[in-house]
Each structure stands twice: as structure tokens, then as C-alpha cells.
Amino acid sequence: MDTSAQKILVVGAGLSGVVIARELAEQGHQITVIDKRDHVAGNAYDYVNEFGIRVHHYGPHLFHTSNDKVVAWLSRFTEWLPYQHKVKALLSDGRHVTLPVNKETSDIVGKENVLDIFFKPYTKKMWGIELEDLDPTISQRVPIRDDLNELYFPNDTFQALPKEGYTQMVKNILAHDNIHVQLGVAYNKAMNVEYDRVFNSMPIDEYFEFKHGPLPYRSIKFHTSTVPIPKVLPTATVNFTHHEPFTRVTEWKILPGHGNNPAFTTLTIEEPCDYKDNDFERYYPVKDGGGENLARYRLYAAEPSSNVTFIGRCGLYAYLDMHQAISSALSIACQ
Ligand code: UDP
């Protein structure tokens with residue numbers, strides 16, 4: 001037996017955890033991956049429903065990046081279907097206009113109305129705070145353009161969806177003799193002593209028993225239904241500009257490889273909320289404009305944590321896109 005091989009625990013079978021598991025397994029270590037849920041792939045989990053339509057259980061995951069290293073790494077585990085995401089916003093008069101706001105959209109609504117129509121109500125319902133109280137980098141994810149570009153991710157060189165879905169891609173990543181996956185298993189700190197190292201994607205504030213106070217998170221309630229109509233939306237996702245508590249709707253069949261049922265279509269509407277109102281499911285760390293939450297996170301990150309390394313959106317309290325989660329996990333795995 002290789003005496004340098006370590007016993008490693010990975011908590012959470014989301015993208016961050018499985019990338020670290022695979023990298024360390026290939027280095028010869030023995031990896032146990034646990035997840036309290038009954039499926040792998042974390043919030044990227046998808047499945048095919050009884051209508052033959054692929055649904056992303058935790059909302060739309062559109063892979064986009066300019067990071068060639070991440071693409072090359074993932075491409076060992078999946079083939080791809082090229083897809084450039086487009087989004088429309090639904091105006092109060094029923095018209096659909098391109099989002100991110102481009103020249104055509106601002107000509108329609110008037111440049112001076114752009115923030116009031118597209119950003120203020122959406123941000124309030126998404127984050128529970130006013131646009132001016134949110135760190136500006138969050139809404140800058142959707143920059144206002146003065147050209148006619150219609151893409152949601154106009155600058156990314158690689159935009160595609162895994163051909164057999166995210167869940168299958170993650171299963172392929174985990175398919176290694178040195179990786180053992182246990183689903184429906186909750187983590188507790190007593191497990192630390194059984195392993196040389198622990199990579200933990202649980203919320204860092206919860207790990208330290210909220211000693212510096214809780215970190216705020218937003219969650220989303222997903223309302224999914226199937227209707228006997230061939231197609232409903234003009235684009236895969238439509239964002240709402242109204243003041244109702246719903247942010248957007250996604251029609252799964254419009255994404256390539258997500259089914260071609262001729263009679264039925266499945267849609268998911270998103271309703272953001274505080275994580276305490278959704279079974280403590282934390283999806284989005286809240287980046288406030290004053291940086292208070294980040295300062296609180298840093299108190300947790302500075303705590304001694306022996307053989308535990310925190311990973312992922314909840315462990316690092318960072319709004320990571322998929323490609324960023326993978327890039328971060330690859331760096332952590334070679335430390
Ligand atoms: N945003 C907005 N209106 C929109 C879309 C986005 O105000 O129609 C702001 C909002 O604050 C949102 C942020 O931009 O949280 C980032 O949007 P993105 O679509 O990137 O969010 P994600 O897909 O990660 O939920």
C-alpha cells in the first residue's frame with residue numbers, strides 16, 4: 001500500500017467537492033464523498049421528467065467561461081452541446097425586450113427608465129434589499145450595453161451545456177476507484193478525526209456555531225409545472241419586471257438536449273426568499289454594499305480549523321459561477 005496516500009473526506013457532492021475529490025483520487029489518495037441530499041451534483045442537479053424534459057432542479061445552470069483550463073478539465077467527463085443563452089424581460093404592457101439591456105431595449109423604454117424598470121424591482125425581490133444597498137458588482141453581472149448584442153454572456157469564449165446533463169457529468173467525475181460516495185449522510189465534526197484532511201462545503205458560519213453571528217443568504221423556491229402547450233416563451237428564460245415576488249421563468253425544452261416533447265412543456269418560476277423560509281437551503285451569499293457580510297465572513301475564515309478546508313459557495317461565502325467554483329476547486333486541490 002502507498003504509505004503517502006491520505007484518507008480524505010469531502011463534504012458535499014457539488015461541483016467544488018467533486019472536482020477536489022477527482023483530483024486527489026488521481027493523486028492516489030482515498031476519498032470519501034458524503035452528501036446529505038439523496039443525489040450528487042449539488043445545485044447543478046438535473047433530471048429528465050416523465051415528459052422527457054430535462055429540468056434543472058435548482059434553477060437554470062448555463063455553463064459559460066473564458067477559462068480554457070476549466071473547459072479542458074470538464075471535457076474529460078462530458079461532451080457538449082453549444083448554447084448561447086438569451087433572455088427577454090417581460091414589460092408591464094406584455095412586450096418582451098432583450099436583456100441585458102441593449103440599445104434596442106433602452107430605445108423602447110427610454111434610457112432614463114432602465115434602472116427603475118429592470119434593476120430596482122428585480123433586485124429588491126432577489127436580495128430583499130434595495131439596489132443601492134447591494135454591492136454594485138452584483139448587478140454589473142448584467143451590464144447595460146449600447147450596441148445590439150443579444151447574448152446574456154456576450155464575452156465568454158465557451159458557452160455550452162453538458163450533453164447528458166450536469167448530473168451525468170458529475171457521476172462521470174466521481175467514477176474513480178479511489179472515490180466512495182455516500183448519499184443521505186449528514187456531516188458532523190466528529191468525522192474530522194477519522195481523516196487526514198476534510199474539504200467542507202457546508203456554511204462556514206454554521207460550522208463555527210454562528211459564534212460571530214449568522215451570515216445572510218438568499219434562497220429560491222422553485223415552482224415547476226408542465227402544461228399541454230408545445231412552447232410558451234420567446235427565450236429559454238424570461239425575467240419579470242413586475243413587483244410580484246417572482247424573478248424569472250425558464251422553459252427547459254428551449255435549451256438544446258432538454259427534450260422535444262411535441263405537446264407538453266415544463267416551466268420553472270423562481271421565488272427568492274430568506275434561506276430560513278426555505279428549509280435553511282442557502283443558495284446565494286449576500287454581498288452588501290457596505291461589505292459588512294464579507295467582514296463577518298473574514299472572522300470565520302480566520303478561525304483555526306485544523307485539518308478542515310472550506311470550499312464552494314457556502315464554505316467560502318462567495319457568489320461563484322460554475323466555472324469559478326471549478327477553477328477555485330482545482331487550485332485548492334493542488335495546495
Ligand atoms: N438583475 C436585475 N434584473 C434582471 C437581472 C439581473 O436587477 O433582470 C440584477 C440582480 O441584482 C441580480 C443580478 O443582477 O441578482 C445578477 O443577475 P444574474 O442573472 O447574473 O443572477 P443569477 O443567474 O446568478 O441568479
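Attention in this report is confined to the structure presented alongside it. Quantities reported herein were computed from a predicted structural model and do not represent experimental measurements.

**Focus on the site of the ligand**
Surrounding the ligand, one finds 17 residues, the nearest of these being Trp127, Arg141, Tyr152, Tyr284 and Tyr319. A distance of 2.5 Å is found between an oxygen atom of the ligand and a side-chain nitrogen or oxygen belonging to Tyr152. Asn239 places a side-chain nitrogen or oxygen 2.9 Å from an oxygen atom of the ligand. In isolation the ligand has 530 Å² of accessible area, and contact with the protein removes 93% of it. Every element with two or more residues in the shell around the ligand is listed here: α4 (114–127) and α5 (136–139).

**Remarks on empty space enclosed by the protein**
Inspection of the entire model under this criterion finds one cavity of 30 Å³ or more. Considering only enclosed or pocket space, the largest cavity measures out at about 40 Å³ in volume. In terms of lining residues, the largest cavity is bounded by Leu62, Phe63, His64, Tyr83, His85, Phe153, Gln159, Ala160 and Leu161. Those elements giving two or more residues to the lining of the largest cavity turn out to be β5 (63–65) and β9 (158–162). Sorting elements by how many residues they give to the lining of the largest cavity places β9 first, with three residues. Its residues placed into classes, the lining of the largest cavity shows six nonpolar, three polar and no charged.

**Description of the packing of helix α1 (residues 15–26) against helix α10 (residues 322–333)**
Across the interface, α1 lies against α10 with an axial gap of 8 Å and an inter-helix angle of 35 degrees. The chirality of how α1 crosses α10 is right-handed. Every residue of α10 that contacts α1 at Leu15, Ser16, Val19, Ile20, Glu23 and Leu24 is listed here: Met322, Ala325, Ile326, Ala329, Leu330, Ile332 and Ala333. Per-class residue counts for the contact of α1 with α10 are eleven nonpolar, one polar and one charged.

**Regarding the sheet that holds strand β6 (residues 80–82)**
Strand order across the open sheet formed by three strands is β5-β9-β6, with antiparallel pairing between neighbours. A strand with exactly one partner marks an edge of an open sheet, and here the two such strands are β5 and β6. Ignoring strand direction, the axes of neighbouring strands in this sheet form an average angle of 40 degrees. Here β6 runs beside β9; their pairing, made up of three bridges, is antiparallel.

**Regarding the pattern of salt bridges**
For the structure on display, the rule yields 17 salt bridges. Of the charged contacts in the structure, one is a salt bridge between Arg22 and Glu26, with a shortest N-O distance of 2.7 Å. Remark: Glu26 and Arg22 occur in helix α1; sequence separation between them is four residues, near one turn of the helix. Here Glu270 makes a salt bridge to Arg248, at a shortest N to O gap of 2.9 Å. Placement of the pair is Glu270 in strand β15 (residues 265–274) and Arg248 in strand β14 (residues 248–251), with a sequence separation of 22 residues. As far as the burial class goes, Glu270 and Arg248 line up, both buried. Taken together, the shared-partner salt bridges in this structure form one network comprising Arg22, Glu26 and Arg76.

Rules behind the numbers
Along each chain, residue indices are assigned from 1 in the same order as the chain's sequence is written. Local features in this predicted model are restricted to residues of pLDDT 70 or higher, and side-chain atom pairs are both shown and tallied only at a pLDDT of 80 or more, whereas totals for entire chains, interfaces and linings draw on every residue. Each side-chain value is worked out from all heavy atoms of the structure, with water and hydrogens disregarded. Any residue with a non-hydrogen atom lying within 4 Å of a molecule or strand is treated as near it. Pairs of N or O atoms within 3.5 Å make up the polar contacts considered here, provided that, within protein, one atom can donate a hydrogen while the other can accept it, and that residues adjacent in sequence are counted only when both atoms are side-chain atoms. Method for areas: the Shrake-Rupley scheme with a 1.4 Å probe, in which residue coverage is limited to the protein chains shown. Going along the chain from the N terminus, every DSSP run of H or I of four or more residues is numbered as a helix, and every run of E of two or more is numbered as a strand. Cavity means a closed set of points on a 1 Å grid over the protein atoms alone, one where a 1.4 Å probe fits but cannot get out, pocket means an open set with protein on both sides within 12 Å along at least 5 of 7 lines, and lining means a residue has an atom within 4 Å of a point. Grid points are joined across faces, edges and corners, and a volume is the space filled by probe spheres set on the points. In this classification, Asp, Glu, Lys and Arg are treated as charged, Ala, Val, Leu, Ile, Met, Phe, Trp, Tyr, Cys and Pro as nonpolar, and every other residue, Gly included, as polar. Angles here are taken between N-to-C directions and fall from 0 to 180 degrees, while the axes themselves are lines fitted to C-alpha atoms, restricted in helices to the stretch in contact. In this scheme the handedness of a crossing depends on how the near helix is turned from the far one: anticlockwise by less than a right angle means left-handed, clockwise means right-handed. Here a residue-residue contact requires only that any non-hydrogen atoms of the pair lie within 4.5 Å. We call two strands paired when DSSP finds no fewer than two bridges between them. Should a side-chain nitrogen of Lys or Arg be within 4 Å of a carboxyl oxygen of Asp or Glu, the pair is scored as a salt bridge. The buried label applies to any residue whose accessible area, calculated with a 1.4 Å probe on protein chains only, is under 20% of its type's maximum; exposed applies above 50%, and partly exposed to all values in between.

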